[in-house]
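Structural overview for review
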Amino acid sequence: MAISAHPNGTTFATVADDGFLRVWNDEHISLDLAMPSRACAYSPDGRMLAVGFGKPVKDTAKTINGKWVIIDVSGRSYCIIAERRDSRKFIREMKWYSNGDRLAVGSDKIYVYQLASETNPALKVDISLVSTIDMNSPSIHFDFSKDGKYLRINSEANELMWFEADPAIRISEASLMKDTEWESDTCVFGWNVQGIHHPEGPNVRSLDCYTEDCSSVVTGGDDGVLRMYSYPCTSTRSNYLSYVGHDGAATSVMILKGGSHVISAGDDHAIMIWRHEVDDNYGDRLLSERQESSVIDAVDATDICHTALYGCADQIIFPTSGLCVLLDAKRSTQNLFQQHNSQIGTVATSSSRQLVASGDSCSDFPTKIWIWDPQTCTEIASLSDSRLRGVSALAFSPDENRLACVSSDENHRIFVWTAINGNWSNAYLSAYSLGGHEKISFVQFTQTQLITGGRNNLNFWSFVPNLSLSKGVVSTQSQDDTLLCGALVGDTLLTGTSKGSFVTWDLTEKKIVSEVKAHNSSVTSLRACPEGIVSGSSDGLVTIWVWSSDAFQKKHSFDVGTTSAIHSLDIWPHSNGHSTMKILAVSDSTCFEISCVT
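Attention in this report is confined to the structure presented alongside it. Computed from a predicted model, the values in this text were never measured in an experiment.

**Notes on the sheet that holds strand β42 (residues 501-506)**
On the basis of which strands lie adjacent, the open sheet formed by four strands has the order β40-β41-β42-β43 and antiparallel pairing. Because the sheet does not close on itself, it has two edges, and the strands there are β40 (483-489) and β43 (511-517). Each adjacent strand pair in this sheet contributes to an overall mean axis angle of 25 degrees, direction not counted. In this sheet, β43 lies alongside β42 in antiparallel orientation, the contact comprising six bridges. Bridging across to β43, Val503 finds its partner in Glu515.

**Let's talk about the side chain of Asp409**
Structurally, Asp409 is set in the loop between β33 (402-407) and β34 (414-420). A distance of 2.9 Å separates a polar side-chain atom of Asp409 from the backbone nitrogen of His412. Looking at Asp409, its side chain comes within polar contact range of the side chain of Arg413, at 2.9 Å.

**With respect to the pattern of salt bridges**
A side chain of one charge can pair with a side chain of the opposite charge if their charged atoms are brought near each other. The full count for this structure, using the stated rule, is 21 salt bridges. Note that Asp101 and Arg102 form a salt bridge whose closest N and O atoms lie 3.9 Å from each other. In this structure, the salt-bridge partner of Arg353 is Asp570, at a minimum N-O distance of 2.9 Å. Within this pair, whereas Arg353 is found in the loop between β28 (344-349) and β29 (356-360), its partner Asp570 is found in strand β48 (residues 568-573), the two being separated by 217 residues in sequence. The exposure class assigned to Asp570 is buried, which follows from its relative accessible area of 2%. Linked through salt bridges whose partners overlap, the residues forming this network are Lys95, Asp143, Arg152 and Asp185.

**Brief notes about the sheet that holds strand β14 (residues 150-155)**
With antiparallel pairing, three strands are arranged side by side in an open sheet as β13-β14-β15. Unpaired on one side and paired on the other, β13 (139-144) and β15 (160-164) mark the two borders of the sheet. Geometrically, the sheet is characterised by an average inter-axis angle of 25 degrees between neighbouring strands, direction not taken into account. Bridge count between β13 and β14: five bridges; the pairing is antiparallel. Of the residues in β14, the one forming a bridge with Phe144 is Leu151.

**Some remarks on the pairing of strand β26 (residues 323-328)**
Of all the six residues making up β26, five are buried; the element is thus mostly covered by neighbouring parts of the structure. Pairing geometry for strand β25 (residues 316-320) and β26, over five bridges, is antiparallel. Along β26, the bridge assignment pairs Phe318 with Val325. Hairpin connection between β25 and β26: a loop of two residues separates the two successive antiparallel strands, and Ser321 in this loop has a positive phi of roughly 55 degrees. Connecting β26 to the next strand, strand β27 (residues 333-337), in antiparallel fashion are four residues, including Ser332 with a positive phi near 55 degrees.

**A look at the side chain of Asn65**
Here Asn65 is to be found in the loop between β6 (48-53) and β7 (67-72). Owing to a relative accessible area of 7%, Asn65 belongs among the buried residues under this scheme. Within polar-contact distance, the side chain of Asn65 engages the backbone nitrogen of Lys55 at 3.2 Å. Not counting residues up to four positions away in its chain, the partners in contact with Asn65 are Phe53, Gly54, Lys55, Lys58, Arg85, Ser87, Arg88, Lys89 and Phe90.

**A word on the nonpolar core**
Formed by 19 residues in total, the largest nonpolar core has its most connected members in Ile70 and Met94. Looking at this core, the elements that each hand over two or more residues are β5 (37-42), β6, β7, β8 (79-85), β9 (93-96), β10 (102-106), β11 (110-118) and β12 (124-133). Top contributing element to this core by residue count: β11, with three residues. Beyond its immediate stretch of four places on either side in the chain, Met94 contacts Ala39, Cys40, Ala41, Ala50, Val51, Gly52, Trp68, Leu103, Ala104, Val105 and Phe142.

**A few points about the pairing of strand β39 (residues 468-471)**
When strand β38 (residues 457-462) meets β39, the two strands line up antiparallel, connected through four bridges. From the neighbouring strand, Ser462 faces β39, where its bridge partner is Ser468. Once β38 ends, the chain turns through five residues before running back antiparallel as β39.

**Topic: the packing of aromatic side chains**
Evaluation of the coordinates by the stated rule reveals 17 aromatic pairs. Taken together, a centroid distance of 6.3 Å and an interplanar angle of 20 degrees make the contact between Phe12 and Trp24 stacked. Of the two residues, Phe12 sits in strand β2 (residues 12-15) while Trp24 sits in strand β3 (residues 20-24), which places them 12 residues apart along the sequence. By relative accessible area, Phe12 is classed as buried at 5%. The interplanar angle of 15 degrees and the centroid separation of 6.2 Å between the aromatic rings of Phe445 and Phe463 together place this pair among those described as stacked. Of the two residues, Phe445 sits in strand β36 (residues 440-445) while Phe463 sits in the loop between β38 and β39, which places them 18 residues apart along the sequence. Relative accessible area serves as the criterion here: at 15%, Phe463 is assigned to the buried category. Connected via pairs of aromatic rings, a cluster forms that spans Phe502, Trp545, Trp547 and Phe552. When the ring centre of Tyr97 is taken as reference, the NZ or CZ atom of Arg102 above it lies at 4.8 Å. Directly above the aromatic system of Phe463 lies the positively charged group of Arg402, at a separation of 4.2 Å from the ring centroid.

What counts, and at which threshold
- Residues numbered from 1 in each chain as written.
- Predicted model: local features only at pLDDT ≥ 70, side-chain atom pairs only at ≥ 80, totals over all residues.
- Heavy atoms only, no water.
- Pairing = 2+ DSSP bridges.
- Helix = DSSP H or I, 4+ residues; strand = E, 2+ residues; numbered from the N terminus.
- Axes fitted to C-alpha atoms, helices over the stretch in contact; angles between N-to-C directions.
- Polar contact = N/O pair within 3.5 Å; in protein donor to acceptor, adjacent residues only side chain to side chain.
- Salt bridge = Lys/Arg side-chain N within 4 Å of Asp/Glu carboxyl O.
- Buried < 20%, exposed > 50% of the residue type's maximum accessible area, 1.4 Å probe, protein only.
- Contact = heavy atoms within 4.5 Å.
- Core = buried A, V, L, I, M, F, W, Y, C linked by side-chain atoms within 4.5 Å.
- Phe/Tyr/Trp six-rings, centres within 6.5 Å; stacked < 30°, edge-to-face > 60°.
- Lys NZ or Arg CZ within 6 Å of the ring centre and 35° of its normal.

See below:
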């Protein structure tokens, strides 16, 4: 994932392997570029944005490594006004010179281009290649000198090199460049930042420097920690402040113009916004009140929790990295639940929406489940067991006195905790069983039992004396199918299959009542609603179905504009209780809120 800050100091853009360009401001613009990208850069005047395409390992023929484009971002309708390709390797870094007439593009080599732009009658750009800098190892960071004559370069082999930008001649004598002034400080190796590297410390992946007022340098490391030093930082004994946020390497950090905020992105596919302020007592720069966006690159993130739910007061709850965010869209405010120490595996709300449960995804060590209050984002209880290694599914019972959990280990263990007299601070583990080697896709409570479903199976668990298993009777037609999701519609269980069918079950006989084709692709999410059921499919469709006389009738269908699966659904009912007012859908870790007139 790459970040670029707009010159106005309040806007930034991100690109990622999901192929989307996202511009973060009051409007939050999203543009499908149809190819993965790991580099972008705003022009000095902010009217254009350069985007470089490709990734280390191509997973589709549509990906064109080495291609880059310039997008006109001066108006509301973004359009590509220039494109170029001189390399067959993916683009790693891009940097404009301050007068806007040159652009350096880093791949296996560094290509320096001369740009000539016109604005009458429309913005357009002519591109010509000025020089090509050959590298023994691909470049990862570089900066232009203030006079535009030189490039300072860091390579993947941890080299620090200098070149004349136009003739591409390497300057071998480092002493000649020691007093050169640079337009930016983003190279992780350099005289002014040599103190950020500690002998036994993490590898520094990215940095940015703020040289106005109280000068500081912010770094992102392999351990996911942001560190802030005074600038310049020339001694490894220099003091620093550290800030924990990312669950994985912090691959990109950037200070917005004016120094008000720091933006960071990491291997956990989360973007974090940090307030950058001065401590009046010590004169130090501090990062505080970290806030996370919902942008997650979902292409390679199979362990990311693709869930968003409504809270008790119409807020939206979603996990990102090791945090749960409570978003009040009406007031444009966020609150954070910050007790997790690793990536969040799943989130669930109780029927009254007064309780939230969230569990860690990491299966390398015993993990915790947190019960918390969505109004205050404060902890109510923490649940743990030495056998619990990662959480893949959670569900509250209808009376909110039980919580079921499915672990993400190979045995898919099932845990049930019970609150004593509704008090979760005194909860105890009341039931436990191995779930089997087949992955469990969902867990669902009825009034009297627990139901789990997955590939070629639906299991019914009673609670006397411990968890006792009764297997559902699967028809010959469904034997090679996978149950991906489930929901209760009145006293009937409805499951969605990988073949696009709705399967209804008799909860007493534990057998299939009917099976009907509902979608042209897999049914990936289900949620009960006043009309009957809302379904989401793997081709990005959300559909409301009316349930009557043991039959389903399609009422409304919504295309959210993505070809990816709907991973999660939630609904906000109308005050009359008879219709759905809003649907919250998640696809590719992007939240879509659908206003319904039903």
